[in-house]
Amino acid sequence: MSTTVTEVVPPARPGTLKILLREPAAAVSLAVVVLVILAALLAPWIAPYDPFDTDLMAVMQPPGEGAYLLGTDGQGRDMLSRMLHGLRVTLAMGALSLGIGGVIGVAMGFAAAYYRRIDGLLMRLADIMLSFPAILFGLAIAAIFGPGVTAVVIALAVATIPLMARIARSTALVVLGLDYIEAARAQGMGDARLIWRHLMPNCASPILVFATLRFGQVILLGSALSFLGLGAQPPIAELGAMAAQGRTFLFFAPHISVIPAIGIFVVVLAFNVLGDALRDALDPRLRI
Amino acid sequence: MSALLEVENLTKHYPVKKGIVLARQVGTVRAVDGVSFRIERGETLAIVGESGCGKSTTARLVLRLIEPTGGTVRFDGLEVSGAALRTLRRRVQVVFQDPYASLNPRLRVADTIAEPMEVHGIGTAESRAARVKELLGLVGLAPFHAQRYPHEFSGGQRQRIGIARALAVQPELIICDEPVSALDVSIQAQVVNLLKDLQRRFGLSYLFIAHDLAVVHHMADRVAVMYLGQIVETAPKRAIFDAPMHPYTRALLSAIPHPDPRRRGMVKPIGGDVPSPMNPPSGCRFHTRCPFAQDRCKAEMPELRDLAPGHRVACHFAETLPAHISVAENGMSPVASQRLALYAAAKARKALQAG
């Protein structure tokens, strides 16, 4: 060939993160999420006090007074330290239940899409699981195993499985209908390799978006279960449990309930906004 | 010597079920109903027909992407099943219609092309990389394209990548499922010519699924016309285009779009729709739309009969039909001729550039 081909460098496409940061709300929510996760991870080092130390000389201190930035609760424990440690428990609870429920749910969804014989069975199973509200699950599991963080994690994981399974199944069904899957089959590729190399990477975006949105919901549900006394038990600091403990002092020391409640609100809102923004950013039509 | 591919009485019936828990079968879709053909080495057999006639299903049955209900596929004399399937997976490759859906968007071009070699354990990582470069050159792409992702390419380029992938394991037969119908006409010419070049160089055989008769005229050695899951006529290309014997083949040829308004009225398009393959007409499946249908056609299914060397027709009255009126001088519409001229021009240009 006498023709020479020179490389034409195409204009660099913006990455997902760059597209995400175009939207101010998304940037703010991402910053909040990162900040919250950092605060939770670093809680033992950045908390000014031990979250269980009581100072009976300074009970129910309002925020900003004395040595306590966010005040103290009914037992004179530092609210800021309890918030940081509470965030840790709340996020860990959410991450663990989402992780367990997500892995099982995605496996179930892929299995249903790939092996059509068991599709009906798996999806009816998911329907049965969907018909129980998460709170009811929490009550049942707390009744069996006794209340505690473990009960909440199990309940939320079980409640997440059918949702993840449905998302994974529908996404996988679309991808499995595409020609490159047929091409891989025509090459004689085995099931495991085909799922790992062709199916999973192309199903990742919708599952990631749903996981982000679900994380907010799981935290809200986990806090609700703790608020009802089924989750974290005293003296463990957990945002929902803290809000519940402050109820009795609501009229003369509202900050004890309100601060954890605001914490839950901010975390859930940040994950929801981030999930929405992620859905937009991962849309290939916006990649210009 | 036996043919490279022999397909006999290939059948695919899909059960139609009703009911949610206790599903019972209420009917059968006869997608492919007793199709037989053979492909010799170095030959191109084109299967043409309307959408829904079963041509893509036939391709997938030959590839064993779906299990046939009945019939046999013999590749190089060996019936395809079990261990022979593994050989088939290497020696028969496929090029798909939609260049946008046939490449995994998350894999670099190099990985896509090297994949069949990996699956069959051919070569080392280095030798595969070298082969990828070689293949890219063969299909008219540049070595630096290997590191790019599919979305950075045009439809024609993607189809070239798909062809490179098919060539990677040195197959003997390539099944092309409408390989150019999703491309622009000018790009079609390039891809069709590329396929022809590769056939000459490597002695490839093609099973070419198409609905575009201009492309078929350019590519095929022999043509099989399908209607409702059955082959109604098969003949060398010349015979199909110059002297079609089955009324359906004639209808297909005259349905090629035509820019000449004076032609209106000269050609009567066949009326009606393709009947449902779930409930195909009795006797000859074409009798509901055939302008020459008689009572016998409703009662008796015509067999494929040899009417000339290599020319088989499934019509009771093939011999007695009125002579076929060629649409244009050479049996093709001027549009088709123009398209062919375009292909030839593209080829000449390429030869000039190469030389």
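Residues numbered from 1 in each chain as written. Chains lettered and ligands numbered in written order. Predicted model: local features only at pLDDT ≥ 70, side-chain atom pairs only at ≥ 80, totals over all residues.

The name given to chain B in an unreviewed UniProt entry is Dipeptide ABC transporter ATP-binding protein, with the source organism recorded as Falsiroseomonas oleicola. What UniProt states about chain B under its Sequence similarities (unreviewed entry) heading is, verbatim, "Belongs to the ABC transporter superfamily." (UniProt positions renumbered as here; feature names shortened; annotations may be inferred.)

Going by the annotation in an unreviewed UniProt entry, the name recorded for chain A is ABC transporter permease, with Falsiroseomonas oleicola given as the source organism. Reading the Subcellular location (unreviewed entry) entry of the UniProt record for chain A gives the comment "Cell membrane". UniProt, in the comment section headed Sequence similarities (unreviewed entry), describes chain A in these words: "Belongs to the binding-protein-dependent transport system permease family."

**Digging into the overall build of chain B**
The helix and strand tally for chain B stands at eleven helices and twelve strands. Against the globule reference of 20 Å for 355 residues, chain B gives a C-alpha radius of gyration of 21 Å, in line with a compact fold. Here chain B holds 355 residues, and 44% of them are scored as buried. Partitioning the intrachain contacts of chain B with sequence separation of at least 6 by distance along the chain shows that 67% fall at a separation of at least 24. (Helix = DSSP H or I, 4+ residues; strand = E, 2+ residues; numbered from the N terminus. Rg over C-alpha atoms; globule rule 2.2 N^0.38 Å. Buried ≥ 20, exposed ≤ 12 C-beta atoms within 10 Å, placed from the backbone. Contact = placed C-beta atoms within 7 Å.)

**Some points on the UniProt feature "domain: ABC transmembrane type-1" (unreviewed entry) in chain A**
With numbering aligned to this structure, UniProt lists the feature "domain: ABC transmembrane type-1" (unreviewed entry) at residues 87-275 of chain A. Strand forms 0% of residues 87-275 of chain A and helix 81%; the C-alpha atoms that close the span are 20 Å apart.

**So, the interface of chain B and chain A**
In many analyses, interface size is given as the accessible surface area lost on bringing the parts together. Contact residues are listed per partner, giving 23 residues for chain B and 18 residues for chain A. The element that contributes the greatest number of residues to the side of chain B that touches chain A is helix α3 (residues 109-119) of chain B, accounting for three residues. Broken down by class, the residue content of the side of chain B that touches chain A amounts to twelve nonpolar, five polar and six charged. (Nonpolar A, V, L, I, M, F, W, Y, C, P; charged D, E, K, R; others polar.)

**Here's the deal with the nonpolar core**
Within soluble globular proteins, side chains that are nonpolar tend to cluster in buried spots. Core analysis: the biggest nonpolar cluster contains 98 residues, and Ala46(B), Ile175(B), Leu207(B), Phe208(B) and Val225(B) have the highest contact counts within it. Residues within four places of Phe208(B) in sequence aside, it is in contact with Thr44(B), Leu45(B), Ala46(B), Cys176(B), Met219(B) and Ala220(B). Listed in part, the 68 residues of the second largest apolar core include Ala43(A), Ile154(A), Ile167(A) and Ala211(A). (Core = buried A, V, L, I, M, F, W, Y, C linked by C-beta atoms within 7 Å.)

**Looking at the packing of helix α9 (residues 191-227) of chain A against helix α11 (residues 255-281) of chain A**
Residues and elements named next belong to chain A. Between α9 and α11, whose axes approach to 7 Å, the crossing angle comes to 165 degrees. The angle between the axes of α9 and α11 places the two elements in the roughly antiparallel class. In this structure, the crossing between α9 and α11 has a hand that is left-handed. Residue-level inspection shows Leu-208, Val-209, Thr-212, Leu-213, Phe-215, Gly-216, Ile-219, Leu-220 and Ser-223 of α9 in contact with α11, the latter providing Ile-264, Val-267, Val-268, Phe-271, Asn-272, Leu-274, Gly-275, Leu-278 and Arg-279. (Axes fitted to C-alpha atoms, helices over the stretch in contact; angles between N-to-C directions. Parallel < 35°, antiparallel > 145°, perpendicular 65-115°, else oblique. Left-handed = near helix turned anticlockwise from the far one by under 90°.)

**Considerations on the UniProt feature "transmembrane region" (unreviewed entry) in chain A**
Residues and elements named next belong to chain A. In the numbering used here, UniProt assigns the feature "transmembrane region" (unreviewed entry) to residues 25-47, 89-115, 136-161, 207-229 and 249-275. End C-alpha atoms of residues 89-115 are separated by 38 Å, and the span's content is 96% helix alongside 0% strand. Spanning residues 207-229, this segment combines 91% helix with 0% strand, and its end C-alpha atoms are found 32 Å apart.

**Thoughts on the confidence of the model for chain B**
All names here are of chain B. A residue-level look at chain B finds 92% of positions with pLDDT of 70 or above and a mean pLDDT of 85. Element-level mean pLDDT values for chain B span from 76 in helix α11 (residues 334-354) up to 94 in strand β3 (residues 44-48). This prediction of the complex comes with two scores: 0.80 for pTM and 0.79 for ipTM. (pLDDT = per-residue confidence, 0-100.)

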